[in-house]
Amino acid sequence: MASWKRFEQIETEVLIDYIQDPKVVDAIRDDAFLAICFRFRGDLIEKCEVICKRKGHDLDVAIEIANNTLEIYGRSKGFKADRSSKSAIDDAFRFYLYKIAANELKDYYKREKKKKEGKFYDGSEEIVTQLPEVDLNTLDAANRAIHHALAELPYSHQVIFLTYAVHEKEGVNLPRGLQKKLREHLGGISQNTVRTYKKEAKDKMDLVKAVIDEIRQES
């Protein structure tokens, strides 16, 4: 079966032509792209690691930046080799990737800053103070059990759990304004207390779901 391995020894200049020529069939373009990724990814990660260390980031971030860099090239196909001699094409392409990586690291920093500041939201978010109204007769047994478990949570735990369930995004803090509304609504509790109640509610709901899964497996 044909794969990127067939291009393992092909010159970089040829691989770039395959990748960037719109007339090339998808199978050849995809395999050429994989071949160029394997050829330059190790060096790119090393370069990203050096830059990331200066910024206080670890190897995982360097790998993420390197992978994003190659994906960006795969989408843009914007490398220009006109001013590079055939013997220097590898170096020219390597430095081209470095420039993309430098910009991607800046974007990474901006994204992380937005996450920490809760700026992935538009300000319209509100706390959720009650369970949605549903006809329990329309729910299956598992979802009725989950609804019942939610209803049994203390009010504070219920509001916190529902608010986070509706608005929380992975790796992103809730907007500070929403966190403040939540604390004030619950009598001025601290953010540490919010985290504690959230964990207690999540642990209970996870337990209910685990029991349901076990029952399903046994039936």
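To be clear, the structure that these remarks concern was listed above.
Computed from a predicted structure; not experimentally measured.

With respect to the overall build of the protein
Okay, step 1: Looking only at helices and strands, one finds eight helices and zero strands in the protein.
Okay, step 2: Order of helices (α) and strands (β) in the protein, N terminus to C terminus: α-α-α-α-α-α-α-α.
Okay, step 3: Since a compact globule built from 219 residues should have a radius of gyration of about 17 Å, the 26 Å found for the protein marks it as more spread out than a globular shape.
Okay, step 4: Each principal axis of the C-alpha distribution contributes one length, and for the protein these read about 70 × 45 × 30 Å.
Okay, step 5: A total of 219 residues make up the protein; the buried ones form 34% of that total.
Okay, step 6: Long-range contacts, defined as pairs at least 24 residues apart, comprise 66% of the intrachain contacts of the protein with a sequence gap of at least 6.
Okay, step 7: Of the roughly 14200 Å² of accessible surface on the protein, a fraction of 51% belongs to carbon and sulfur atoms.
Okay, step 8: The centroid of the 38 positive side-chain charges in the protein is displaced by 7 Å from the centroid of its 38 negative side-chain charges.

Structural notes on helix α1 (residues 12-20)
Okay, step 1: Buried within α1 we find Thr12, Leu15, Ile16 and Ile19. In a view along the axis of α1, the buried residues occupy a sector of 100°, so they form one face of it.

Quick notes on the packing of helix α6 (residues 155-167) against helix α7 (residues 176-185)
Okay, step 1: Axis separation between α6 and α7 bottoms out at 11 Å; the angle between their running directions is 165°. The angle between α6 and α7 places the two elements in the roughly antiparallel class. Read as a crossing pair, α6 and α7 show a hand that is right-handed. The segment α6 lies against α7, with Tyr155, Val159, Ile160, Thr163, Tyr164 and His167 engaging Leu178, Leu182 and His185.

Quick look at the side chain of His157
Okay, step 1: Examined against the element boundaries, His157 turns out to sit in helix α6.
Okay, step 2: Looking at His157, the relative accessible area reads 9%, which means it is buried.
Okay, step 3: Residue contacts for His157: discarding those within four places in its chain leaves Tyr197, Glu200 and Ala201.

Some thoughts on the packing of aromatic side chains
Where two aromatic rings form a pair, the distance of their centres and the angle of their planes describe that pair.
Okay, step 1: A complete count under the given rule lists 10 aromatic pairs for this structure.
Okay, step 2: For the pair Tyr73 and Phe93, a centre-to-centre distance of 5.1 Å together with 75° between the ring planes defines the contact as edge-to-face. Taken together, the residues Tyr73 in helix α3 (residues 59-76) and Phe93 in helix α4 (residues 89-117) connect sequence positions 20 residues apart. Assigned by exposure class, Tyr73 and Phe93 land together as buried.

Considerations on a positive patch on the surface
Okay, step 1: A cluster of basic residues, Lys47, Arg54, Lys55, Lys106, Lys110 and Lys114, forms a positive patch on the protein surface.
Okay, step 2: Of all the secondary structure elements, the ones that give two or more residues to the positive patch are α2 (26-54) and α4.
Okay, step 3: No other element matches α4, which puts three residues into the positive patch.
Okay, step 4: By secondary structure assignment, the location of Lys47 is in helix α2.

Comments concerning unusual backbone geometry
Okay, step 1: The phi dihedral of Lys77 is positive, around 50°, even though this residue is not glycine.
Okay, step 2: Mapped onto the secondary structure, Lys77 falls in the loop between α3 and α4.

Some words on a nonpolar patch on the surface
Okay, step 1: A contiguous nonpolar patch, built from Leu207, Val211 and Ile215 and spanning about 280 Å² of accessible area, is present on the exposed surface.
Okay, step 2: Inspection of the secondary structure puts Leu207 in helix α8 (residues 191-218).

Brief notes about the pattern of salt bridges
Okay, step 1: Within the structure shown, the criterion is met by 11 salt bridges.
Okay, step 2: Between Arg94 and Asp91 there is a salt bridge; the shortest N-O distance is 2.6 Å. Highlighted residues: Arg94 and Asp91, both in helix α4, separated by three residues, approximately one helical turn.
Okay, step 3: Across the pair Lys199 and Asp203 runs a salt bridge whose closest N-O atoms are separated by 2.8 Å. One end of the pair is Lys199 and the other is Asp203, both in helix α8 and four residues apart, which spans about a single turn.

Overview of α7
Okay, step 1: Taken as a whole, α7 has its buried residues at Leu178, Gln179 and Leu182. The buried residues of α7 occupy an angular sector of 100° when projected down its axis, which confines them to one face. Across from the buried face of α7, at angles greater than 90 degrees, the exposed residues are Arg176 and Glu184.
Okay, step 2: Contact partners of the buried residues in α7: α6 and α8.
Okay, step 3: Downstream of α7 by one or two residues, Gly187 has phi in the positive range, about 90°.

Calculation rules
Residues numbered from 1 in each chain as written. Predicted model: local features only at pLDDT ≥ 70, side-chain atom pairs only at ≥ 80, totals over all residues. Heavy atoms only, no water. Helix = DSSP H or I, 4+ residues; strand = E, 2+ residues; numbered from the N terminus. Rg over C-alpha atoms; globule rule 2.2 N^0.38 Å. Buried < 20%, exposed > 50% of the residue type's maximum accessible area, 1.4 Å probe, protein only. Contact = heavy atoms within 4.5 Å. Areas by Shrake-Rupley, 256 points an atom, 1.4 Å probe, with all protein chains shown as cover. Lys, Arg positive; Asp, Glu negative; His and termini not counted. Charge placed at Lys NZ, Arg CZ, Asp CG, Glu CD. Arc of directions from axis to C-beta. Axes fitted to C-alpha atoms, helices over the stretch in contact; angles between N-to-C directions. Parallel < 35°, antiparallel > 145°, perpendicular 65-115°, else oblique. Left-handed = near helix turned anticlockwise from the far one by under 90°. Phe/Tyr/Trp six-rings, centres within 6.5 Å; stacked < 30°, edge-to-face > 60°. Patch = residues over 30% accessible without salt bridge, like charges linked within 9 Å, V, L, I, M, F, W, Y side chains within 5 Å. Salt bridge = Lys/Arg side-chain N within 4 Å of Asp/Glu carboxyl O.

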